[in-house]
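Coordinate analysis (summary)
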Amino acid sequence: MTAGRHFLQIPGPSNVPDRILRAMDYPTMDHRGPAFADVGRKALEGMKSIFKTESRVVIYPSSGTGAWEAALVNTLSPGDTVLMYETGHFATLWQKLALKLGLNPVFIDSDWRAGADAAKIEEHLRADKGHEIKAVCVVHNETSTGSVTDVAAVRRAMDAAGHPALLMVDTISSLASVDYRHDEWGVDVTVSGSQKGLMLPPGLSFNAVSAKAMKLSESAALKRSYWSWAEMAGPNDTGYFPYTPATNLLYGLNEAIDMLHEEGLDNVFARHKRHGAAARAAVEAWGLEVLCKKATDRSPVLTAVMMPEGHSADNFRAVTLRNYDMSLGNGLSKVADKVFRIGHLGDFNDLMLIGTLAGVEMGLRDAGVPHRAGGVQAAMDLLGQKFDSARAAA
């Protein structure tokens with residue numbers, strides 16, 4: 001038994017605040033009864049405000065992987081070509097899922113050190129004179145690498161190419177943490193999950209669906225049942241679901257939506273940006289390297305840190321967990337044991353970040369990883385600028 005709370009500083013699932021835990025603790029209600037309609041409607045309508053859309057939002061009792069599948073099977077037919085961008089491990093998993101469904105994913109390779117390059121997407125679309133590509137799929141925030149894709153730039157590239165493909169975006173680790181605008185950016189299907197910026201446990205996933213995508217779902221020929229938007233649409237219109245929903249998670253979701261609007265989404269996004277900048281200031285002060293090489297693409301949600309040559313990221317993480325009861329994210333597939341990831345998302349404040357970075361700095365020392373001291377101080381100095389500015393203005 002270790003005294004104090006465990007520091008869960010992986011890039012999701014994130015910490016669940018007490019207020020949401022208390023909401024989930026309400027007795028389970030009859031999901032066919034009249035009172036449930038208020039719960040369902042509030043969740044379905046409330047999520048529109050988080051996606052920034054006027055279109056339909058579908059909620060599944062599943063992980064984000066289910067919402068990936070739902071996006072594809074509701075809009076595409078066997079053998080359809082989809083253009084996907086290899087920004088990291090999770091983009092690769094989405095590509096593998098497309099293969100298993102009988103689609104033809106064209107994968108644009110990358111070095112995992114930036115977001116998707118809109119110019120390369122435009123190049124592929126311009127070359128597709130017969131419009132064989134039916135969808136473009138990108139990950140907004142690639143959790144394995146700490147890189148963000150400029151979705152608005154991808155939409156501009158698609159429009160410049162005059163290509164009619166659907167735009168699908170994975171926001172599993174960015175929604176409610178990084179600015180996102182489903183309607184304004186012309187996204188057709190946005191995929192997300194409950195366990196990161198929405199501050200819930202795993203178990204809910206989402207599709208935000210444009211009118212264009214909804215219309216195409218009527219003729220798409222991939223098989224679906226559980227994931228069918230059409231099956232969801234009728235019951236959802238009255239606040240219900242065609243099968244048993246995750247009732248207590250929906251209680252928590254409604255509380256999370258309230259909390260996000262009480263803080264203000266713009267304030268939420270600004271808070272995450274500050275914490276991302278402070279975490280990177282610490283990494284630079286330690287003399288270590290951030291995995292995402294392109295500065296404008298670095299994530300406000302997590303920071304992926306490269307280990308010095310000859311040192312094990314997994315050993316460092318194990319030492320930190322043992323000595324300080326703090327979990328950090330591991331490197332995945334191509335960067336396994338070469339990278340550790342610091343999560344700074346969701347229900348998270350300045351003091352929690354400084355505690356996290358202190359644990360990292362002590363863990364680096366204990367694991368014998370070459371570094372300079374002073375990372376925590378660098379982060380504190382950056383965070384303090386907010387209050388210096390406020391004092392100067394007073």
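Scroll up to find the structure.
Owing to the predicted nature of the structure, the values given are computational and were not obtained by experimental measurement.

1. Focus: the packing of aromatic side chains
On inspection of all chains with the given rule, the structure shows 10 aromatic pairs. Seen from their ring centres, Tyr60 and Trp227 are 5.1 Å apart, and the 70° between their planes marks the pair as edge-to-face. Residue Tyr60 is found in strand E2 (residues 56-60), and its partner Trp227 is found in the loop between helix H7 (211-216) and helix H8 (229-236); the two are separated by 167 residues along the sequence. Arranged with centres 4.7 Å apart and planes meeting at 5°, the rings of Tyr226 and Tyr243 form a pair that is stacked. In this pair, Tyr226 is assigned in the loop between H7 and H8 and Tyr243 in the loop between H8 and helix H9 (247-263), connecting sequence segments 17 residues apart. Looking at Tyr226, the relative accessible area reads 34%, which means it is partly exposed. Connected via pairs of aromatic rings, a cluster forms that spans Tyr60, Tyr226, Trp227 and Tyr243. One Lys or Arg, Arg5, reaches over the ring of Phe7 and ends 4.2 Å from the middle of that ring.

2. Re the packing of H9 against helix H10 (residues 265-286)
Taken N-terminus to C-terminus, the directions of H9 and H10 make an angle of 85°; their axes are 5 Å apart at the nearest point. Relative to H10, the element H9 lies roughly perpendicular. Residue-level inspection shows Leu260, His261 and Glu263 of H9 in contact with H10, the latter providing Leu265, Asn267, Val268 and Arg271. In terms of residue class, the contact of H9 with H10 is built from 3 nonpolar, 2 polar and 2 charged.

3. Examining the pattern of salt bridges
Pairing is possible between side chains of opposite charge, provided their charged atoms come close. Using the criterion set out here, one finds 20 salt bridges in the structure. When the shortest N-O distance is used, the salt bridge between Arg19 and Glu255 registers 2.5 Å. One end of the pair, Arg19, is in helix H1 (residues 18-24); the other, Glu255, is in helix H9, with 236 residues separating them in the sequence. For Lys48, the salt bridge goes to Glu45, with nearest N and O atoms at 3.3 Å. In this pair, Lys48 and Glu45 are both assigned in helix H2 (residues 36-51), 3 residues apart and thus about one turn of the helix distant. Residue Glu45 is classed as partly exposed on the basis of its relative accessible area, which comes to 48%.

4. Here's the deal with the sheet that holds strand E10 (residues 205-209)
Strand pairs in the sheet, formed through backbone hydrogen bonds, run parallel or antiparallel to each other. On the basis of which strands lie adjacent, the open sheet formed by 7 strands has the order E2-E10-E9-E8-E5-E3-E4 and mixed pairing. The open sheet has two edge strands with one neighbour each: E2 and strand E4 (104-108). Taking each pair of neighbouring strands and ignoring which way they run, the sheet shows an average axis angle of 20°. Examined bridge by bridge, strand E5 (residues 133-139) and strand E8 (residues 166-170) share 5 bridges and lie parallel to one another. Paired with Val136 across the bridge in E8 is Leu167.

Cut-offs and rules
Residues numbered from 1 in each chain as written. Predicted model: local features only at pLDDT ≥ 70, side-chain atom pairs only at ≥ 80, totals over all residues. Heavy atoms only, no water. Phe/Tyr/Trp six-rings, centres within 6.5 Å; stacked < 30°, edge-to-face > 60°. Helix = DSSP H or I, 4+ residues; strand = E, 2+ residues; numbered from the N terminus. Buried < 20%, exposed > 50% of the residue type's maximum accessible area, 1.4 Å probe, protein only. Lys NZ or Arg CZ within 6 Å of the ring centre and 35° of its normal. Axes fitted to C-alpha atoms, helices over the stretch in contact; angles between N-to-C directions. Parallel < 35°, antiparallel > 145°, perpendicular 65-115°, else oblique. Contact = heavy atoms within 4.5 Å. Nonpolar A, V, L, I, M, F, W, Y, C, P; charged D, E, K, R; others polar. Salt bridge = Lys/Arg side-chain N within 4 Å of Asp/Glu carboxyl O. Pairing = 2+ DSSP bridges.

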